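# Working through the structure, step by step
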Amino acid sequence: MAFWSNWGRGNWGRSAWRQFDSGDASGVVELTKRNASISLTKQGAATGNLRINLSWQMRTSDFNSRAGRGSLRHPLRMFKPEPVQAQGPAMVNVDLDLAVMYELKDGAKGVVQPLGEFFGALNEAPYVKLSGDDRFGSGSGETVYVNMDHKDDIKRLLVFVYIYDGTPAFDRTHGLVTLYPSNGPRVEIPLDERAPQARSCAVVLIENVKGEMVVRREVKYVYGFQAELDRLYGWGLQWGRGYKSKV
């Protein structure tokens, strides 16, 4: 049975969220298929607040995508001829949302997401809080905070991203999910794989494994929305169609 509660936005402003900024900006770990997991406990980051950020852009081009992060790691790629692409608009009209399905040790289950304004709570169950809804791909993106001081109350968290509205084009939005632990390097998971028509992506699973908080890369794309991810991971929630208010 789903644990549904509309905690609302409260009085959380942008300045209030800055106090939770954490992590060591000097180091970066990228989770890949070959190096898919990291232990927050082993790096001393299983306390305080874990910040999870989704950044993305509406405007994109294949050239700029290649000239960014990938070209620094593989400088010869920029000289490799591009395959012929069908002409299309340079503007990707898309609204990406960051969300978390949670399951607590006491059996409570639910979701924290912009849709339905289920923004969660940080100092009480589910110990997961969404800062707000970014509809336009701003620099700050969307951010979720997890209160790791309550790790013993958490069984598992599925961090996922879905395209609420617009073109299903994960590979053209430069989506990046970044975890900022309370200690150690930040953890990056790019969402740039080609997944035509995919509407949702399970990004990472955070599990309490015998008291150890483990982050595991998933990056599994599905063509449906929350209900399909629910079935894939066996959450057992009941879902209905929802809409956002127009801006």
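Our subject is the structure that appears above.
Attention here is on the structure that accompanies the text. Bear in mind the structure is a predicted one, so any value in this text is a computation, not a measurement. (Residues numbered from 1 in each chain as written. Predicted model: local features only at pLDDT ≥ 70, side-chain atom pairs only at ≥ 80, totals over all residues. Heavy atoms only, no water.)

For strand S8 (residues 142-147), a buried count of six out of six residues is recorded, marking the element as mostly surrounded by other parts of the structure. Where burial is concerned, the two faces of S8 agree: the one with Glu142, Val144 and Val146 and the one with Thr143, Tyr145 and Asn147 are both buried. As defined by bridge partners, strand S3 (residues 49-55) adjoins S8 across six bridges and the pair is classed as antiparallel. Counterpart to asparagine 53 in the pairing with S8 is threonine 143. For strand S7 (residues 128-130) and S8, the ladder comprises three bridges, and the chain directions are antiparallel. Its bridge partner being in S8, lysine 129 is matched across the sheet by tyrosine 145. (Buried < 20%, exposed > 50% of the residue type's maximum accessible area, 1.4 Å probe, protein only. Helix = DSSP H or I, 4+ residues; strand = E, 2+ residues; numbered from the N terminus. Pairing = 2+ DSSP bridges.)

Listed as buried for helix H4 (residues 226-233) are Gln226, Leu229, Asp230 and Tyr233. When H4 is viewed along its axis, its buried side chains cluster within an angular range of 105 degrees and face the same direction. Just beyond H4, the residue with positive phi is glycine 234, at close to 65 degrees. (Arc of directions from axis to C-beta.)

This part covers the side chain of serine 200. Mapped onto the elements of the fold, serine 200 is located in strand S12 (residues 200-209). A distance of 2.7 Å separates the side chain of serine 200 from the backbone oxygen of glycine 224, its partner in a polar contact. In this structure, serine 200 is in contact with Val161, Tyr162, Phe170, Lys220, Tyr221, Val222, Gly224, Phe225 and Leu229, ignoring residues within four places of it in sequence. (Polar contact = N/O pair within 3.5 Å; in protein donor to acceptor, adjacent residues only side chain to side chain. Contact = heavy atoms within 4.5 Å.)

Cis peptide bonds are those with omega within 30 degrees of zero, and the linkage from alanine 125 to proline 126 qualifies with 15 degrees. Not every positive phi belongs to a glycine, and glutamate 117 is a case in point at roughly 55 degrees. Relative to the elements of secondary structure, glutamate 117 occurs in the loop between strand S5 (109-112) and strand S6 (120-121). Assessed through its relative accessible area of 40%, glutamate 117 is described here as partly exposed.

This part takes up the packing of aromatic side chains. All chains considered together, the criterion is met by two aromatic pairs. Geometrically, the ring pair formed by phenylalanine 170 and tyrosine 221 is edge-to-face, given 5.2 Å between the ring centres and 65 degrees between the ring planes. Residue phenylalanine 170 is found in the loop between strand S9 (154-166) and strand S10 (175-180), and its partner tyrosine 221 is found in strand S13 (residues 212-222); the two are separated by 51 residues along the sequence. The residues phenylalanine 170 and tyrosine 221 share a single accessibility class, namely buried. Looking at arginine 51, its charged tip hangs above the ring of tyrosine 180, at a distance of 3.8 Å from the centre. Just above the ring of tryptophan 235 sits the side chain of arginine 156; from NZ or CZ to the centre is 3.7 Å. (Phe/Tyr/Trp six-rings, centres within 6.5 Å; stacked < 30°, edge-to-face > 60°. Lys NZ or Arg CZ within 6 Å of the ring centre and 35° of its normal.)

This part is about the side chain of aspartate 230. Relative to the assigned elements, aspartate 230 resides in helix H4. Here aspartate 230 is buried and forms no salt bridge, its nearest opposite-charge partner arginine 156 lying at an N-O distance of 7.3 Å. (Lys, Arg positive; Asp, Glu negative; His and termini not counted. Salt bridge = Lys/Arg side-chain N within 4 Å of Asp/Glu carboxyl O.)

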